[in-house]
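Residue-level structural notes
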Amino acid sequence: MHHQLRAIATELDQASHRLRELDTRLPDDLWPVRADPTRWSVSECVAHLNMTSRAFLPPLHTAITAARTLGQAAPRNYHRDPLGWILWRTMGPPVRMKVKTPTAFVPLDTATPADLRAEFDELQLELQRCVSEGDGLPIQAVKLTSPFSERARYNLFAALSILPRHQHRHLWQAEQVAVAHSR
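Residues numbered from 1 in each chain as written. Predicted model: local features only at pLDDT ≥ 70, side-chain atom pairs only at ≥ 80, totals over all residues. Heavy atoms only, no water.

Some details on the nonpolar core
With 30 residues, the main nonpolar core has Leu-5, Leu-60, Ile-139, Leu-144, Tyr-154, Leu-156 and Leu-160 as its most contacted residues. Elements that contribute at least two residues to this core include exactly helix H1 (3-25), helix H2 (42-69), helix H3 (82-91), helix H4 (113-134) and helix H5 (156-182). No other element matches the seven residues that H5 contributes to this core. In this structure, Trp-31, Trp-40, Ala-174 and Val-177 belong to the second largest nonpolar core, which totals 17 residues. (Core = buried A, V, L, I, M, F, W, Y, C linked by side-chain atoms within 4.5 Å. Buried < 20%, exposed > 50% of the residue type's maximum accessible area, 1.4 Å probe, protein only. Helix = DSSP H or I, 4+ residues; strand = E, 2+ residues; numbered from the N terminus.)

Section: the pattern of salt bridges
For the structure on display, the rule yields nine salt bridges. For Arg-117, the salt bridge goes to Asp-28, with nearest N and O atoms at 3.1 Å. Here Arg-117 is found in helix H4, whereas its partner Asp-28 is found in the loop between H1 and H2, with 89 residues between them in sequence. Since its relative accessible area comes to 16%, Arg-117 is described here as buried. For Asp-28, a relative accessible area of 37% corresponds to the partly exposed category. Of the charged contacts in the structure, one is a salt bridge between Arg-54 and Glu-119, with a shortest N-O distance of 2.1 Å. Separated by 65 residues along the polypeptide, Arg-54 in helix H2 and Glu-119 in helix H4 bring together distant segments of the chain. Salt bridges sharing common partners tie together Asp-23, Asp-28 and Arg-117. (Salt bridge = Lys/Arg side-chain N within 4 Å of Asp/Glu carboxyl O.)

As for the layout of surface pockets
Its volume calculated, the largest pocket comes out at about 1,000 Å³. Lining the largest pocket are 36 residues, with Val-99, Lys-100, Thr-101, Arg-169 and His-170 sitting closest to its centre. Contributions of two or more residues to the lining of the largest pocket are made by H2, H3 and H5. Of all the elements, H5 adds the most residues to the lining of the largest pocket, at 10 residues. Of the residues that constitute the lining of the largest pocket, the class distribution is 19 nonpolar, 12 polar and five charged. (1 Å grid on protein atoms, 1.4 Å probe; cavity = no way out; pocket = protein on both sides within 12 Å on 5 of 7 lines; lining within 4 Å. Points joined across faces, edges and corners; volume = space filled by probe spheres on them. Nonpolar A, V, L, I, M, F, W, Y, C, P; charged D, E, K, R; others polar.)

Re H1
An α-helix turns once per 3.6 residues; consequently, residues spaced three or four apart project the same way. With 23 residues, H1 extends 33 Å from end C-alpha to end C-alpha; this agrees with the ideal 33 Å at 1.5 Å per step. Every buried residue of H1 is listed here: Gln-4, Leu-5, Ile-8, Ala-9, Leu-12, Ala-15, Ser-16, Arg-18, Leu-19 and Leu-22. Contact partners of the buried residues in H1: H2, H4 and H5. (Expected span 1.5 Å × (residues − 1). Contact = heavy atoms within 4.5 Å.)

The quantities given are spatial measurements derived from coordinates; they are silent on function.
Pasting the structure below:
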C-alpha cells in the first residue's frame, strides 16, 4: 500500500484504539451524560462520527469508481487540493477552531454505548476498505462533494485524510468529557 494511504489506515486504526481505551475508562451509564450542557456527551460524539462515516461512504465509493475509470496511474505522492488541505489542517485535535455542525449531523437520539461502538467498528472496516481500494488509483484527480456542504468539493485523497482527523477531533472531545466525569 502507498505510504500516504498506509498513514491514513494507521490513523483510522488509532481512532478505533482510542475509542476502545475510552470505553475501558468510562462506564456505559456516563456515555450519554454531558459534563457541560453546551458540549456533547461521549455518546453524542460517537453518534456524530457514525453519522459522518455513513454519509461519506456513498460519495467515497462513487469517487473510487470514478478514479478506476480514469485509466491513470497513481502519482508518486498524493496531494490535497487547497480546500481539502484547509479542512484537513483545521480538523485535528486539539480543537482550536469551533465549527458549527450542520443540523443533519447533530445527533438527536443516540443508541446504547454497545451499539455505538459496534457501529463505529463496522464503519471503520468500511473506511479501511475505501483506503485500500484507493491504492494505485489517481485519487487526487477525482473530486467529491462533501456531505456537510454542497459547496465544498475536494479531491478523494483529501476526503480520505480528513475523515480520521475528524474522528480524532471528536474522540479528543469525548476524552475531555470522560476526564470531567472522573473529577
